[in-house]
Amino acid sequence: MEGLFLSLFTFHFSLFMVPFSEEKLAKVQEIIARYPEGKQKSALLPVLHLAQEVHGWLSAETMDYVASLLQLEPIEVYEVATFYSMYNLKPVGKYMFEVCQTGPCMINGSDDIVDYIKQRLGIGVGETTPDGLFTLKTVECLGACGYAPMMQLGKHYKEHLTREKVDQIIEECRKQAGQLN
Amino acid sequence: MGVKLLLEKAHVEGIRSYEVYRREGGYRAVEKALKTMSPDAVTEEVKKSGLRGRGGAGFPSGMKWSFLAKPEGVPRHLVCNADESEPGTFKDRYLMEFLPHLLIEGLIVSSFALGSNATYIYIRGEYAWIPDILEQAIAEAKANGWLGKNILGSGFDCEIYVQRGAGAYICGEETALIESLEGKRGNPRIKPPFPAVKGVWDRPTVVNNVETLAAVVPIINMGGEEYAKIGVGRSTGTKLISACGNINKPGVYEIDMTISVEEFIYSDEYCGGIKNGKRLKACIPGGSSVPILPANLLLKTAKGETRYMNYESLSDGGFATGSMMGSGGFIVLDEDQCVVKNTYTLARFYRHESCGQCSPCREGTGWMEKILKNIDMGKGKMSDIDLLWDIQRKIEGNTICPLGDAAAWPVAAAIRHFRDEFEWHVKNPQECLTRNYGLANYADPLEVKSEM
Ligand SMILES: Cc1cc2nc3c(=O)[nH]c(=O)nc-3n(C[C@H](O)[C@H](O)[C@H](O)COP(=O)(O)O)c2cc1C
Ligand code: SF4
Ligand code: FES
């Protein structure tokens, strides 16, 4: 019984927590060196970004690992991870469409873009397609108000969105995902 | 064509690279400051220039620098605020993306003036591609001797680091930014102590906006007095305006603060007029936090004078009939836009971004959002309008940081100038779902009803 529990535990652990590669560990050291001696807590936001790159989200195990890397209490990591909107605390699709819906985007038709994406992907806001490819999220102003409507897709912005452009983006994502698999 | 001090070279091919930037006269300000000036002399030039903070509050930068505490043996820091998250504002992004070396040059000169050996750029996390651009510029500057140890033999050491935020408007507030830079939640601190005395890691710290720090370059190159001759009154130098909404040419413009609002909206050099030949209904001239103005009060002050794109003129009339320069986020609404809906999205924004420390802000922003949503959906009551007014008044001035005010002002101004539109929504719960109120009091805003 105990053995089963233990193996389940390690299974769980290994699934959601991948220790950083050598390269990532070196990056962590480089980041810590930017701050005064003993102030490595300042590295927390950048290191959480690094951690999120691995799975696209932060599991409790991942956060505990980050805490151990920076010699912090786990709670210090949780309270930060839950404060900032860019840290995903649940798994998300491979491609996350984060559509801005604040005033300037709204007056340029962001509602229509959100509706269209919902219809195209068959999901609601906050949901992920069953194939795990797409998540739709609405977000607040991303500093692209002059190029509205817009969304964030990974590291980049997709601006001046139209229905046709949304079609293209979905197509490109599907193609890219197909090539990766 | 107005004077261009920041964006003059923005369209030079390859200006992002060190070679081109240097060939175009870049890093002259660092040479001048580090080789011929003392740190205090640099601060003095900034004072003379009349430069006011470009992050929103408009506080005189030279004065702010002179407040920096300098206790013996305690390191000081300059932090560049690149959190840019105020709806309508996207000018800092433009500077960093297209003229990264201008910011780095401004940072080196400013770090020298303030004695910051380690300077941080705190950039909003969503601008995920920009840190690479900045880090490359930093590496190039360092490889060419503008950063690192003993720069130009001056004895001054300086490193610049880029720190990414992770999605939180509140981290643009300087003390929240400092908390975030320390690896914590972005909860603003109670002031005093001010960052100038106790900032990041309890060390004296100056936090300045990207545009403010970039402006230090032309100030040093041309001298503070010359810089102060550009513009008008206490609005010296040039200002970046990010224009968006229903206009023909949205984008980032550099203006010298002597042009009228009308020229800015209608001339082809700037916004190019209202899109699709529509009429102008309203405008939020300085980022989502500042009061919205109906067209007539935007173009002319209550006294009937022309309104200009500068600090004084935009705020002429106070909140009763004026607005603010703020961050320079210029949001234009045409006759088809619904002020209630627009205000609702802004209220939702502030509710989303409240850090939750103070109850008036945490609860009040939520209530305002709900009430505005109801009115927008045709489910509002007349008494809701007064309730909204009451809530915003109870938030304003009763919170730790100015986010509370920033959430209250847009709601107050919308009711002040567009009360008839709110009432129409309540009286026409069906119709308001299918059509907009339209231009309404374009030429004649209602008098303020419940201001008392
Ligand atoms: C809620 C809130 C958000 C703010 N966001 C920003 C911002 O994104 N960028 C910025 O430069 N200043 C922002 N500020 C103003 C800063 O607190 C600070 O005044 C500014 O960075 C000082 O720089 P400056 O004097 O060069 O303008 C914000 C203030 C508040 C209250
Ligand atoms: S006013 Fe709002 S954002 Fe500012 S400290 Fe209070 S709760 Fe936080
Ligand atoms: S409102 Fe959408 S990017 Fe600013």
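Look up: the structure comes first, before these words.
Calculation criteria
Residues numbered from 1 in each chain as written. Chains lettered and ligands numbered in written order. Predicted model: local features only at pLDDT ≥ 70, side-chain atom pairs only at ≥ 80, totals over all residues. Heavy atoms only, no water. Buried < 20%, exposed > 50% of the residue type's maximum accessible area, 1.4 Å probe, protein only. Helix = DSSP H or I, 4+ residues; strand = E, 2+ residues; numbered from the N terminus. Pairing = 2+ DSSP bridges. Contact = heavy atoms within 4.5 Å. Buried area = accessible area lost by both parts, 1.4 Å probe. Salt bridge = Lys/Arg side-chain N within 4 Å of Asp/Glu carboxyl O. Polar contact = N/O pair within 3.5 Å; in protein donor to acceptor, adjacent residues only side chain to side chain. Nonpolar A, V, L, I, M, F, W, Y, C, P; charged D, E, K, R; others polar. Near = heavy atom within 4 Å. Areas by Shrake-Rupley, 256 points an atom, 1.4 Å probe, with all protein chains shown as cover. Axes fitted to C-alpha atoms, helices over the stretch in contact; angles between N-to-C directions.

Undergrad: Give a description of the pairing of strand β11 (residues 329-334) of chain B that names residues and reports values.
TA: All names here are of chain B. Of all the six residues making up β11, six are buried; the element is thus mostly covered by neighbouring parts of the structure. Of the two faces of β11, the one lined by G329, I331 and L333 and the one lined by F330, V332 and D334 are each fully buried. Of the strand pairs in this sheet, strand β7 (residues 239-245) and β11 are connected by four bridges, and their pairing is parallel. Paired with C244 across the bridge in β11 is I331. Strand direction decides the pairing type here: strand β9 (residues 280-284) and β11, joined by four bridges, are antiparallel. From the neighbouring strand, L280 faces β11, where its bridge partner is D334.

Undergrad: Go over the interface of chain A and chain B with me, naming the residues and quoting the values.
TA: Listed by partner, the interface residues are 39 residues for chain A and 57 residues for chain B. Between chain A and chain B lies a buried interface of about 3,900 Å² when both sides are counted; carbon and sulfur atoms form 56% of it. Three residues, R34, F83 and I107 of chain A, lead the burial of chain A against chain B; their summed loss comes to 17% of the area buried on that side. Our enumeration of links across chain A and chain B arrives at five salt bridges. Its salt-bridge partner being K155 of chain A, residue D132 of chain B comes within 2.6 Å of it at the nearest N-O pair. At the boundary of chain A and chain B, one finds 24 residue pairs in polar contact (both at pLDDT 80 or more). Those elements giving two or more residues to the side of chain A that touches chain B turn out to be α3 (44-55), α5 (74-81), α6 (103-106) and β4 (156-158) of chain A. Ranked by residue count, the leading element in the side of chain A that touches chain B is α3 of chain A, at four residues. The residue makeup of the side of chain A that touches chain B, split by class, is 19 nonpolar, 12 polar and eight charged.

Undergrad: Could you give me a rundown of the site of ligand 1, with the residues and numbers involved?
TA: Residue and element names in this part refer to chain B. Neighbouring residues of ligand 1: 18 residues in total, closest G55, N81, N208, N209 and T212. The contact in question runs from an oxygen atom of ligand 1 to an N or O atom on the backbone of G55, over 2.7 Å. For ligand 1, whose free accessible area comes to 610 Å², the fraction covered by protein is 89%. Ranked by the residues each element gives to the shell around ligand 1, the list is headed by strand β4 (residues 205-209), at three residues. Of the residues contributing to the shell around ligand 1, the split by class is four nonpolar, eight polar and six charged.

Undergrad: Help me get a handle on the sheet that holds strand β3 (residues 151-153) of chain A, residues and values and all.
TA: Residues and elements named next belong to chain A. If you trace the four strands from one edge of the open sheet to the other, you get β2-β1-β3-β4, paired in mixed fashion. Each end of this open sheet is capped by a strand with a single partner; those strands are β2 (134-139) and β4. Adjacent strand axes in the sheet meet at a mean angle of 30 degrees when their direction is disregarded. Against the sheet, helix α7 (residues 110-121) touches β1 (95-100), β2 and β3, its axis set at about 155 degrees to β1. Seen against the sheet, helix α8 (residues 163-180) touches β1, β2, β3 and β4 and runs at an angle of roughly 160 degrees to β1.

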